[in-house]
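Chain by chain, the residues:
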There are 2 protein chains.
Amino acid sequence: MSPPLHISISEKLRHQIEAGVYAAGDRLPSEHQLMETFSVSRITARQAVANLVSQGLAIAYRGKGVFVTPQKKVTYSLSSPLVFLEQDMARQGIAFSFENLVFEPVAAPRDVAVALGIAKASSVYLQKKLFRMDGAAGAVDVTYLIADLGERFAPLLEQQMTFPTLAEHGIPIDCLDSVIECTHADYDLSGYLEVPLGHALMVYRYTAYSSDRQPVLHGSTISRADRFCYSLSTRARA
Amino acid sequence: MSPPLHISISEKLRHQIEAGVYAAGDRLPSEHQLMETFSVSRITARQAVANLVSQGLAIAYRGKGVFVTPQKKVTYSLSSPLVFLEQDMARQGIAFSFENLVFEPVAAPRDVAVALGIAKASSVYLQKKLFRMDGAAGAVDVTYLIADLGERFAPLLEQQMTFPTLAEHGIPIDCLDSVIECTHADYDLSGYLEVPLGHALMVYRYTAYSSDRQPVLHGSTISRADRFCYSLSTRARA
DNA sequence: TAAGCTCACTTGTTATAACAAGTTGATTGC
DNA sequence: GCAATCAACTTGTTATAACAAGTGAGCTTA
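This structure is a prediction, so every number in the text was calculated from the model and none was measured.

> Hey, could you run me through the relation of the copies chain B and chain A in this one?
Each of the two copies of the chain can be brought onto the other by a rotation about an axis and a shift along it. Note on the identical chains: chain B maps onto chain A by a rotation of 180° and an axial translation of 0.1 Å, with an RMSD of 0.1 Å. Such a turn and shift between the copies fits a two-fold axis. Closest approach to the rotation axis among the C-alpha atoms of chain B is made by B:Ala200, whose C-alpha sits 2.4 Å away. Looking at chain B, 98% of its interface residues are interface residues in chain A too, so the copies touch through the same face.

> Which parts of the structure should I look at to understand the packing of helix H2 (residues 31-38) of chain A against helix H3 (residues 42-54) of chain A?
Helix-helix packing is characterised by the crossing angle of the two axes and by the distance between the axes. All names here are of chain A. For the pair H2 and H3, the least separation of the axes is 9 Å and the interaxial angle reads 110°. On the basis of their axis angle, the class for H2 and H3 is roughly perpendicular. Between H2 and H3 the crossing geometry is right-handed. On H3, the residues that touch Glu31, Leu34 and Met35 of H2 are Arg42, Ala45, Arg46 and Val49.

> How do you make sense of the interface of chain B and chain A when you look at a structure like this?
Often the size quoted for an interface is simply the accessible area lost on bringing the parts together. Contacts between the two partners involve 49 residues from chain B, matched on the other side by 48 residues from chain A. With both chains or domains summed, chain B and chain A bury close to 4,300 Å², and 54% of this area falls on carbon and sulfur atoms. Run the count over chain B and chain A and you get 4 salt bridges. Across the salt bridge formed by A:Lys73 and B:Glu181, the nearest N and O atoms sit 2.8 Å from each other. Applying the counting rule to chain B against chain A returns 12 residue pairs in polar contact (both at pLDDT 80 or more).

> Any chance you could explain the protein's contact with DNA strand D here in plain terms?
Taken together, 22 residues sit near DNA strand D, with A:Leu5, A:Ser41, A:Thr44, A:Arg62 and B:Arg42 positioned nearest. The contact atoms of DNA strand D, taken as those within 4 Å of the protein, divide so that sugar and phosphate hold 68%. One nitrogen or oxygen atom from the side chain of A:Thr44 is found 2.4 Å from a phosphate oxygen belonging to DNA strand D. Between B:Arg42 and DNA strand D, the recorded distance is 2.7 Å, taken from a side-chain N or O atom to a base nitrogen. Looking at the surface near DNA strand D, its residues break down into 7 nonpolar, 7 polar and 8 charged.

> Any chance you could explain the domain arrangement of chain A here in plain terms?
According to the domain assignment, chain A contains domain 1 (5-68) and domain 2 (74-231). Taken over C-alpha atoms, the centre of domain 1 of chain A sits 35 Å from the centre of domain 2 of chain A.

> What's the story with the state of the cysteines in this structure? I'm lost.
Between two cysteines, a covalent bond joining their sulfur atoms is known as a disulfide. Within the structure shown, the criterion is met by 1 disulfide over all chains. Residue A:Cys182 pairs covalently with B:Cys182 via a disulfide, S to S 2.5 Å. One end of the pair, A:Cys182, is in strand S7 (residues 173-184); the other, B:Cys182, is in strand S7 (residues 173-184), on a second chain. The residues A:Cys182 and B:Cys182 share a single accessibility class, namely buried. Of all cysteine sulfurs, the one in B:Cys182 lies closest to A:Cys229, which takes part in no disulfide; the gap is 11 Å. Look at A:Cys229 and you get buried, because its relative accessible area is 5%.

Reading the values: the criteria
- Residues numbered from 1 in each chain as written.
- Chains lettered and ligands numbered in written order.
- Predicted model: local features only at pLDDT ≥ 70, side-chain atom pairs only at ≥ 80, totals over all residues.
- Heavy atoms only, no water.
- Least-squares fit on C-alpha atoms with pLDDT ≥ 70 in both.
- Contact = heavy atoms within 4.5 Å.
- Axes fitted to C-alpha atoms, helices over the stretch in contact; angles between N-to-C directions.
- Helix = DSSP H or I, 4+ residues; strand = E, 2+ residues; numbered from the N terminus.
- Parallel < 35°, antiparallel > 145°, perpendicular 65-115°, else oblique.
- Left-handed = near helix turned anticlockwise from the far one by under 90°.
- Buried area = accessible area lost by both parts, 1.4 Å probe.
- Salt bridge = Lys/Arg side-chain N within 4 Å of Asp/Glu carboxyl O.
- Polar contact = N/O pair within 3.5 Å; in protein donor to acceptor, adjacent residues only side chain to side chain.
- Near = heavy atom within 4 Å.
- Nonpolar A, V, L, I, M, F, W, Y, C, P; charged D, E, K, R; others polar.
- Domains from an automatic or database assignment.
- Disulfide = S-S within 2.5 Å.
- Buried < 20%, exposed > 50% of the residue type's maximum accessible area, 1.4 Å probe, protein only.

Shown next as structure tokens:
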């Protein structure tokens, strides 16, 4: 009935973290120290540390140690939707930048074709961007843009954010369908976002429509759970 | 430069799952089979399986095997906010029920006191509920209700949902401030929600106000990432 | 002094080994 | 035939062992 050793140890450390014994950024005891403190093998000590990492409470660096993760989140207002990311960031005093990872025409996958109302495997432009907040990786954005706009604005879009660029050229986004969900980091995402495999990530999936009700783009912003949250203030239903 | 063995193996399995070699509910090869197939030790085979589990792609049962997890989500509309959960569920053909875990007066923690605009450590009613969708655990709701309402409706609230109960007695919720974020399952939550430690969970945190602008309750709905998502359809900013 | 090397310490990966505990189906005993 | 037992499978926990690889401090050498 008693929980496994590694759980007992990680729960004890978790309580110490929450009680402030170890503050954000502090180094936790090394695996060797845990082995001696709790009289367990390295496997068990490692498992305990792995539990904390999987709970997002700590992060391990080879050669350095295991450190308590800070938790300071950027808030996004959904009341005024996620179209002018840079301004939202600036308002919260965050230096925002992005790095263009991919920009190329591809055949539309099925879900994208459905969202954009085009034939499957039609040509669309795929753009992948890495968003940085104060220099640190915060989110990956994957956008599928309808072909003619992608071709037309290709050079601009590698340097500027999508919504402002479109708006500047007479294609304002009028309507946005979005879904917020949550997923786990796969191998690629864990590399880009500098989180361990399986870490919790928020997904903001959206389809944007121009003023004539035509779908213009479909994309996902996949962000680190410890750095992002979404807020919404609203009146309830009648 | 090559990734670790356990990553190679779990990535291979992931691709097979995504390609449909293993469908939702299918059993994956046992640890022993993986040992032989890839000529690795059990530790490495276990690590590969652990990677899939941590990514939410599979779930392991002792004595039975490892199975591909199904992904069918219930969608919540935020356009009409999360106040009548039962109707939302019914509309999507889900049998909803809840189990009352805790209902008792407690001293308000600091964040709750701030949200409710009362003095720290004032008395409030704490209610914890386990939401079930088609019988399976889907979310845990933790609500702090202002003292007089908690006392007044205590018997009712153990059997009925909060918002409808309040509305029926002349206390409709007029306004809702909410935040959506994402967290990892700790030991307690992993037990209630039947997910592995560290699994991704969605958190819907809300403060509800009555028609006279007074805060009435503050709570969080913590739901399984593989069973919940939130949707929002809206016009963009001018 | 400054550059470079070495060493001690850290976490990461992997192997072998054993026992615990849950599940399932076959066998045995009544 | 039916029930109880057992054997063979599964994953879970834990120990010991070794080497790889990144970090940083201190020493050595030019």
